[in-house]
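# Commentary on secondary and tertiary structure
For reference, the chains in residue letters:
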Amino acid sequence: MSRVAGVDLGGTNITAVLLNGDDEIVDRERRKTPEGGPEAVVAQIVKAVAKLDKEPRAIGVGAPGPIRDGVVMTAPNLVGWQEPFDLAGALRDALDLPVGVDNDATVGALGEWTAGAGRGASCLLGAWIGTGVGGGLVLDGRPYRGAFGGAGEFGHMIVHRGGALCGCGRRGCVEAYAGRAALEGAAVTAAQAGRPTAMLEIQERLGKRRMTSAVWATALEEGDALARRLFGDAIDALGCGLSAVINLLDLDTVVLGGGLAEKLGEDFVEAVAEATRPRVLTGADERRFLLAELGDDAGAIGAAALAREALG
Ligand SMILES: [Zn+2]
């Protein structure tokens, strides 16, 4: 296989990695994400790629927000980026290389499938549980994007009709129960209403400004009743959502990643698997539930997989 580059475009940093033919990272460049809109971001990516040890044969980019055919439709996490922008086209023009661009959740699933926990899977969902909840699909050994590029929105599957309000404006989505932002909102509301909990105290003790994954891990470890109840609801919502995906698509592999999953590790994966299995019709014994392996490099390595796809 040839040398390719993967670029993880985040709200704070741009990370570019160079992968050799064995999918090993042989060089890495990191820069601040500029705030001057799409053109400034393109210029910064071009600079980062040019600084890599050797010239890649193709590049892939994982970017936030919905993406259709290489066009970033909206990117609320990127400053000055309001209108749809053809990121793939702009990079192709600037670098004269094959370019693939996709959304970070899809790219994460691709990375885990090609070089992480999901290697060898035929039908896989990568579910990312962090501030929000995202997902990416591989079906029959190929990344699946759907008719309009919007497949894999696992976080917005409705698991409670008329349930908790989600960041997307709808009610009862998986993310409204299992996303860290939603969990924090529910915990703060309950604490302010006088429910006994040590969560705010734990947050202060750990010196965190937000209820990070570490705060949740500590609260659960210490047996905080509110943390346990909210987290139980989160696991249940994830189990409902995953069982629906599995009953529809008969996946062989589910990879769980993102800040919360990675902080809580195998126990979290086992809890989610236990909440899912009884609701699934077929394949209960063969299906794998796995913790993501690529960690902080997932985005860039997944983007490199996109580059390989662009090479054809
Ligand atoms: Zn939603």
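Residues numbered from 1 in each chain as written. Predicted model: local features only at pLDDT ≥ 70, side-chain atom pairs only at ≥ 80, totals over all residues. Heavy atoms only, no water.

### Regarding the overall build of the protein
The number of helices and strands found in the protein is 10 helices and 13 strands. For 312 residues, the compact-globule estimate of 2.2 N^0.38 gives 20 Å, and the protein sits close to it at 20 Å. Each principal axis of the C-alpha distribution contributes one length, and for the protein these read about 60 × 45 × 35 Å. Looking at the protein as a whole, 52% of its 312 residues qualify as buried. If you take every contact in the protein between residues at least 6 apart in sequence, the share linking residues at least 24 apart comes to 60%. Of the roughly 14,300 Å² of accessible surface on the protein, a fraction of 48% belongs to carbon and sulfur atoms. (Helix = DSSP H or I, 4+ residues; strand = E, 2+ residues; numbered from the N terminus. Rg over C-alpha atoms; globule rule 2.2 N^0.38 Å. Buried < 20%, exposed > 50% of the residue type's maximum accessible area, 1.4 Å probe, protein only. Contact = heavy atoms within 4.5 Å. Areas by Shrake-Rupley, 256 points an atom, 1.4 Å probe, with all protein chains shown as cover.)

### Things to note about the coordination of the zinc ion
Protein coordination at the zinc ion comes from His156 (ND1), Cys166 (SG), Cys168 (SG) and Cys173 (SG), with a distance range of 2.0 to 2.4 Å. Coordination at the zinc ion is tetrahedral, judged from the four donor atoms that bind it and the angles of 105 to 120° they form at the metal. Within one chain, the residues serving as donors to the zinc ion are arranged as H-x9-C-x1-C-x4-C. (Donors = N, O, S within 2.8 Å, 3.2 Å for Na, K, Ca; no water. Tetrahedral: all angles 85-135°; square planar, octahedral: opposite > 155°, others 65-115°.)

### Observations regarding the domain arrangement of the protein
Assigned domains within the protein: domain 1 (4–110 + 296–311) and domain 2 (122–293). In this assembly, 11 residues from domain 1 lie in contact with 12 residues from domain 2. When the two sides are added together, the surface that domain 1 and domain 2 hide from each other amounts to roughly 860 Å², 52% of it contributed by carbon and sulfur. Counting the surface domain 1 buries against domain 2, the share from its top three residues, Arg68, Ala105 and Ala109, is 45%. (Domains from an automatic or database assignment. Buried area = accessible area lost by both parts, 1.4 Å probe.)

### Observations concerning unusual backbone geometry
Even without being glycine, Asp140 reaches a positive phi, approximately 50°. Structurally, Asp140 can be placed in the loop between strand E10 (133–139) and strand E11 (142–144).

### As for the pattern of salt bridges
Applying the stated criterion across every chain, the model contains 13 salt bridges. Across the pair Asp297 and Arg28 runs a salt bridge whose closest N-O atoms are separated by 2.9 Å. Of the two residues, Asp297 is situated in the loop between strand E13 (288–291) and helix H10 (298–311) and Arg28 in strand E3 (residues 25–32); the sequence distance between them amounts to 269 residues. You can call Arg28 partly exposed: its relative accessible area is 42%. (Salt bridge = Lys/Arg side-chain N within 4 Å of Asp/Glu carboxyl O.)

### Re a negative patch on the surface
A contiguous patch of negative charge, built from Glu55, Asp86, Asp93 and Asp96, is present on the exposed surface. Inspection of the secondary structure puts Asp96 in the loop between helix H2 (87–95) and strand E8 (99–103). Take Asp96: its relative accessible area is 69%, and that puts it in the exposed class. (Patch = residues over 30% accessible without salt bridge, like charges linked within 9 Å, V, L, I, M, F, W, Y side chains within 5 Å. Lys, Arg positive; Asp, Glu negative; His and termini not counted. Charge placed at Lys NZ, Arg CZ, Asp CG, Glu CD.)

### A word on helix H8 (residues 225–249)
Given a rise of 1.5 Å per residue, 25 residues ought to cover 36 Å, and the 36 Å separating the end C-alpha atoms of H8 matches this to within 8%. At the N-terminal end of H8, a side-chain oxygen is found 3.3 Å from the backbone nitrogen of Leu226, two or three residues along, and the residue is Asp224. Trailing H8 by a residue or two, Asp250 shows a phi angle of about 50°, which is positive. (Expected span 1.5 Å × (residues − 1). Polar contact = N/O pair within 3.5 Å; in protein donor to acceptor, adjacent residues only side chain to side chain.)

### Details of the sheet that holds E13
Read from one edge of the open sheet, five strands run E11-E10-E9-E12-E13, paired in mixed fashion. Both outer strands of the open sheet, E11 and E13, are each paired with one neighbouring strand and no more. Geometrically, the sheet is characterised by an average inter-axis angle of 25° between neighbouring strands, direction not taken into account. Where strand E12 (residues 253–257) meets E13, four bridges bridge the pair, whose relative direction is parallel. (Pairing = 2+ DSSP bridges. Axes fitted to C-alpha atoms, helices over the stretch in contact; angles between N-to-C directions.)

### Description of the layout of surface pockets
Reported here for the second largest pocket is a volume of approximately 270 Å³. Along the walls of the second largest pocket sit 17 residues, with Asp69, Gly70, Val101, Asp102 and Arg145 positioned nearest its centre. Elements represented by at least two residues in the lining of the second largest pocket include exactly strand E5 (67–68), H2, E8 and H10. Per-element accounting of the lining of the second largest pocket gives the leading share, four residues, to E8. The residues that make up the lining of the second largest pocket include at least three from each of domain 1 (4–110 + 296–311) and domain 2 (122–293). (1 Å grid on protein atoms, 1.4 Å probe; cavity = no way out; pocket = protein on both sides within 12 Å on 5 of 7 lines; lining within 4 Å. Points joined across faces, edges and corners; volume = space filled by probe spheres on them.)

### Section: the sheet that holds strand E7 (residues 85–86)
As summarised here, the arrangement of the three strands in space is E5-E6-E7, forming an open sheet in which the pairing is antiparallel. Among the strands making up the open sheet, the edge pair consists of E5 and E7.

### Notes on the pairing of strand E1 (residues 4–9)
For a regular strand, side-chain orientation follows a simple rule: the groups alternate between the two sheet faces. Counted residue by residue, E1 has five buried out of six residues, so it is predominantly covered. Bridge count for E1 against strand E2 (residues 13–19) is six bridges, and the pairing is antiparallel. Considered in E2, the bridge of Leu9 is made with Ile14. Here E1 hands over to E2 after three residues, the two strands then running antiparallel side by side. One ladder, built from four bridges, connects E1 with strand E4 (residues 59–63); its direction is parallel. Bridge pairing links Gly6 to Gly60 in E4.

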